[in-house]
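Examination of the molecular architecture
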Amino acid sequence: MHPTSDPANSQGRRANLAAQVRAHPFLSGFSVPQLETLIHFAAPTEFRSGQYIFYQGDPANAFYLILSGEVIVEADANGGGIQEVDRVHAGEVLGWSWLF
């Protein structure tokens, strides 16, 4: 049987994801029902170094709990080229402003 089709393996990955969501510092203070809603919709995602996650002007329809590494946020500086505007580290979130 292929490891990804093993129901026990899948349950283990889901339990690990749930634990990571519950333990994320940004979510401390969230209620159990709020956390369970996030866990239901959560999907583990990995990005390679240098890979773009989204582009300026893309639809804002997701946010990311950063578990490890860092994300550099860049923006076009009024036609003056791409400039770094922020760095997001493990324990922080990326893309949450769409909630507001």
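So, here is what we can say about the structure in this document. These numbers come from a predicted model, not from an experiment.

Looking only at helices and strands, the chain has two helices and four strands in total. The helix and strand sequence of the chain, counted from the amino end, reads α-α-β-β-β-β. Expected size for 100 residues packed as a compact globule is a radius of gyration near 13 Å; at 16 Å, the chain overshoots this value by more than 25%. Per-residue burial over the chain gives 13% buried out of 100 residues. Pairs at least 24 apart in sequence give 41% of the contacts found in the chain among residues at least 6 apart. For the chain, the accessible surface area stands at approximately 7,600 Å², while carbon and sulfur atoms represent 55% of it.

This next bit is on the packing of aromatic side chains. Counted according to the given criterion, the structure contains three aromatic pairs. Ring geometry for Phe 26 and Phe 30: centres 6.5 Å apart, planes at 50°, overall tilted. For Phe 26, a relative accessible area of 35% corresponds to the partly exposed category. Classification of Phe 30 by relative accessible area gives partly exposed; the value is 33%. Between Tyr 52 and Tyr 55 the ring centres are 5.1 Å apart and the planes differ by 20°, which places this aromatic pair in the stacked class.

This model, assessed by the stated rule, comprises three salt bridges. Between Arg 22 and Glu 36 there is a salt bridge, with the nearest N and O atoms lying 2.9 Å from each other. On the criterion of sequence distance, the pair formed by Arg 22 in helix H1 (residues 7-23) and Glu 36 in helix H2 (residues 32-41) is long-range, its members being 14 residues apart. A single salt-bridge network, built from bridges that share partners, covers Glu 70, Glu 84 and Arg 87.

Moving on, we get to the pairing of strand S3 (residues 82-89). Alignment of strand S2 (residues 70-76) against S3, held across seven bridges, turns out to be antiparallel. Residue Val 71 lies in a different strand from S3, and its bridge partner there is Val 88. Taken together, S2 and the strand that follows it, S3, pair antiparallel across an intervening segment of five residues, in which Asn 78 is found at a positive phi of about 50°.

Conventions we followed
- Residues numbered from 1 in each chain as written.
- Predicted model: local features only at pLDDT ≥ 70, side-chain atom pairs only at ≥ 80, totals over all residues.
- Heavy atoms only, no water.
- Helix = DSSP H or I, 4+ residues; strand = E, 2+ residues; numbered from the N terminus.
- Rg over C-alpha atoms; globule rule 2.2 N^0.38 Å.
- Buried < 20%, exposed > 50% of the residue type's maximum accessible area, 1.4 Å probe, protein only.
- Contact = heavy atoms within 4.5 Å.
- Areas by Shrake-Rupley, 256 points an atom, 1.4 Å probe, with all protein chains shown as cover.
- Phe/Tyr/Trp six-rings, centres within 6.5 Å; stacked < 30°, edge-to-face > 60°.
- Salt bridge = Lys/Arg side-chain N within 4 Å of Asp/Glu carboxyl O.
- Pairing = 2+ DSSP bridges.

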